[in-house]
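Residue-level structure breakdown
Spelled out, the chains give:
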Amino acid sequence: MNAINKEPVRSEVIRSMDAEHHLHPFTDTKALNNKGARIIERAEGVYLWDSEGNRIIDGMAGLWCVNIGYGRKELADVAQEQMNQLPYYNTFFQTTTSPATQLAKELAVVTPGDLNHIFFANSGSEAIDTIIRMVRRYWEVEGKPWRKIMISRNNAYHGSTIGGTSLGGMSAMHNQGGPMVPGMEHIRQPYWYGEAAGQSPEEFAQTCAQALEEKILQVGPDNVAAFVGEPIQGAGGVITPPPGYWAAIQKICRRYDILLVADEVICGFGRTGSWFGSQTFDIKPDLISMAKGLSSGYQPISAVAVGDRVANALIAKGGEFFHGFTYSGHPVAAAVALENLRILREERIIEQVRDETGPYLQQQLRERLGSHPLVGHIEGVGLIAGMALAQDKSTHKLFDSNLDVGTICRNHCFANGLIMRACGNRMVLSPPLVISKAEIDELIDKAQLCLDLTVKSLADMGIKVAQ
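Structure report, in brief. The structure displayed is predicted, hence computed values, not measured ones.

A short note on the packing of aromatic side chains
Aromatic ring pairs are defined here through the distance separating the ring centres and the angle between the ring planes. Going through the model one piece at a time under the given rule, you end up with 11 aromatic pairs. Arranged with centres 5.4 Å apart and planes meeting at 75°, the rings of Tyr 245 and Trp 246 form a pair that is edge-to-face. Take Trp 246: its relative accessible area is 4%, and that puts it in the buried class. By the ring-pair criterion, three or more aromatic residues cluster together here, those being Tyr 88, Tyr 89 and Tyr 327. Across from the ring centre of Trp 139, 4.1 Å away, lies the NZ or CZ of Arg 147, which sits over that ring.

In structure tokens, the structure reads:
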């Protein structure tokens, strides 16, 4: 009898312990405990198996992060070797380790522009908190300590620490555990389908960029430290900026000498068909945050890449930077990340996303799901995509947020062997970068079924979707 056949007995024990002791992130614990958690037991390639033996195609690469897929023994072997040699040492006290130093060098090579210095942390949230402190410290050493304000966008997600929550623009997060960190301002997001009010994509791009200039003038140009944005807003629902948006944003940042920060936690390491989303959208940032795909999720590690302007000022004039983490540059995590980068490079996985599987996913989504009555709009680049669920696609009428139609669709996905995430009334996909065209076909087959089932569920509730 194999392990999976033994699991139903063990599963109930695990679920009971989970309910008794485990507080999950971004979870209504009471509701989860009443239902019971789904237990994932193993994974290979783009597939997961739960404790009941069900095979699931992972359309989200874990949490946007398992870029090279599951089951890569090379990463496990590297982790074991490094643990045997040097399982841990810190990078405080004027010391370093070979994996951390080599990884910093490799990241300086693959990042765009002059992002030649690397600061390590453990999560995307910690990377964002590092950027907040680093940007404000930069302006202090440049003799302008009043430049504190950070600007981001409504519905942006930049992590769940108090700093990341404050910088992000998600109101539900702001409503818990306040007050937020002061000096954070927000402008409209470039969500053309939901907010353009009849403007063309190009016109709307300029409108959204103009919102940044208006905010800068409102708070005072000499008070603003940086503008922060994801190349594509991930957890906001895969909001892909319309043409001209990033070019206009960069002009405004240069006009007022404001630092530009690209949050690459989701877009980095091949997701958009380039090493970084900044390259896909021709963004020239002063700093970028990265995590997730840095190790393909096999180890917790993140980093901030710092351009020469900021790094040179901090090094020459900043003295000691009172910031860091016990596990900054952890040697095991760094060794795994180095091996992950080697696989991405030598197997030409990013080029495959750019030239083959990314275009195929985008084409198949539009051709096969674009005409579905529930799908109002599809957007994305490479192997990241978002679908707006609309009650009437001809008028861009979205469902009432209280209905939570995205969760209805997500639940059908879970029940039918697909992980596709709901972000409000948007469904999002971000599969492992190693997904094949045949696996993309399977993913879309399952997504189509689940959209059909969602329409049926809505009809059972007395809610009509315009055909």
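Still to come is the rest of the account.
Some points on the side chain of Asp 50
Examined against the element boundaries, Asp 50 turns out to sit in strand E2 (residues 47–50). At a separation of 2.9 Å, a polar atom in the side chain of Asp 50 contacts the main-chain amide nitrogen of Glu 52. When near neighbours in sequence (up to four residues on either side) are disregarded, Asp 50 contacts Arg 38, Ile 39, Ile 40, Glu 41 and Ile 56.

Side note on the sheet that holds strand E7 (residues 224–229)
An order of E4-E10-E9-E8-E7-E5-E6 is seen for the seven strands of this open sheet, with the pairing classed as mixed. Since the sheet does not close on itself, it has two edges, and those belong to strand E4 (115–121) and strand E6 (184–187), each with one partner. Going from strand to strand, the sheet's axes swing by 20° on average, the running direction of each strand aside. Across the sheet, helix H5 (residues 98–110) is in contact with E4, strand E9 (287–290) and strand E10 (302–307); its angle to E4 comes to roughly 135°. Contacts between helix H11 (residues 245–255) and the sheet are confined to strand E5 (149–153), E7 and strand E8 (259–263), with E7 contributing the most and set at about 170° to the helix.

Considerations on helix H16 (residues 405–415)
Residues spaced three or four apart along an α-helix point in a common direction, a consequence of the helix completing one turn every 3.6 residues. If you check which residues of H16 are buried, you get Val 405, Gly 406, Ile 408, Cys 409, His 412 and Cys 413. The buried residues of H16 occupy an angular sector of 160° when projected down its axis, which confines them to one face. Along its buried surface, H16 packs onto strand E12 (384–392), strand E14 (418–419), strand E15 (421–423), strand E16 (426–429) and helix H17 (437–460). After H16 finishes, the residue Gly 417 shows a positive phi value of roughly 75°.

Focus: the packing of H16 against H17
In contact at an axis separation of 9 Å, H16 and H17 are set at 130° when each is read in the N-to-C sense. Here H16 is positioned oblique relative to H17, judged by the angle of their axes. Seen from above, H16 lies across H17 with right-handed handedness. Along its contact with H16, which presents Val 405, Ile 408, Cys 409, His 412 and Cys 413, the element H17 presents Cys 450, Leu 451, Leu 453, Thr 454, Ser 457 and Leu 458. A per-class count over the contact of H16 with H17 returns eight nonpolar, three polar and no charged.

Remarks on the nonpolar core
Counting residues in each nonpolar core, the largest one holds 68 residues, and the members touching the most others are Leu 103 and Leu 107. A total of nine residues in this core trace back to one element, the largest contributor, which is helix H14 (residues 331–346). Among residues more than four places away in sequence, those in contact with Leu 103 are Phe 120, Leu 294, Ile 301, Ala 334, Ala 337, Leu 338 and Leu 341. One finds Phe 227, Val 238, Tyr 245 and Tyr 256 within the second-largest nonpolar core, a separate group that totals 41 residues.

Some points on a nonpolar patch on the surface
Together, Tyr 89, Phe 92 and Phe 93 make up an exposed nonpolar region whose accessible area comes to about 350 Å². By the element assignment, Phe 92 lies in the loop between helix H4 (73–85) and H5.

Examining the sheet that holds E2
Pairing within the open sheet is mixed, and its four strands lie in the order E1-E2-E3-E14. Edge positions in the sheet fall to strand E1 (40–44) and E14, since each of these pairs with one other strand and no more. The strands touched by H17 within the sheet are E2, strand E3 (55–58) and E14, with E3 carrying the most contacts at an inclination of about 105°.

Details of the pairing of E16
Of the two faces of E16, the one lined by Arg 426 and Val 428 and the one lined by Met 427 and Leu 429 are each fully buried. Bridging between E12 and E16 involves four bridges; their strand directions are antiparallel. From the neighbouring strand, Ala 388 faces E16, where its bridge partner is Arg 426. Bridging between E15 and E16 involves three bridges; their strand directions are antiparallel. Across the sheet, Arg 421 pairs through a bridge with Val 428, a residue of E16. The hairpin formed by E15 and E16 contains two residues between the paired strands, and Gly 424 there has a positive phi angle of roughly 65°.

Reading guide: rules and limits
- Residues numbered from 1 in each chain as written.
- Predicted model: local features only at pLDDT ≥ 70, side-chain atom pairs only at ≥ 80, totals over all residues.
- Heavy atoms only, no water.
- Phe/Tyr/Trp six-rings, centres within 6.5 Å; stacked < 30°, edge-to-face > 60°.
- Buried < 20%, exposed > 50% of the residue type's maximum accessible area, 1.4 Å probe, protein only.
- Lys NZ or Arg CZ within 6 Å of the ring centre and 35° of its normal.
- Helix = DSSP H or I, 4+ residues; strand = E, 2+ residues; numbered from the N terminus.
- Polar contact = N/O pair within 3.5 Å; in protein donor to acceptor, adjacent residues only side chain to side chain.
- Contact = heavy atoms within 4.5 Å.
- Pairing = 2+ DSSP bridges.
- Axes fitted to C-alpha atoms, helices over the stretch in contact; angles between N-to-C directions.
- Arc of directions from axis to C-beta.
- Parallel < 35°, antiparallel > 145°, perpendicular 65-115°, else oblique.
- Left-handed = near helix turned anticlockwise from the far one by under 90°.
- Nonpolar A, V, L, I, M, F, W, Y, C, P; charged D, E, K, R; others polar.
- Core = buried A, V, L, I, M, F, W, Y, C linked by side-chain atoms within 4.5 Å.
- Patch = residues over 30% accessible without salt bridge, like charges linked within 9 Å, V, L, I, M, F, W, Y side chains within 5 Å.
- Areas by Shrake-Rupley, 256 points an atom, 1.4 Å probe, with all protein chains shown as cover.
- Salt bridge = Lys/Arg side-chain N within 4 Å of Asp/Glu carboxyl O.

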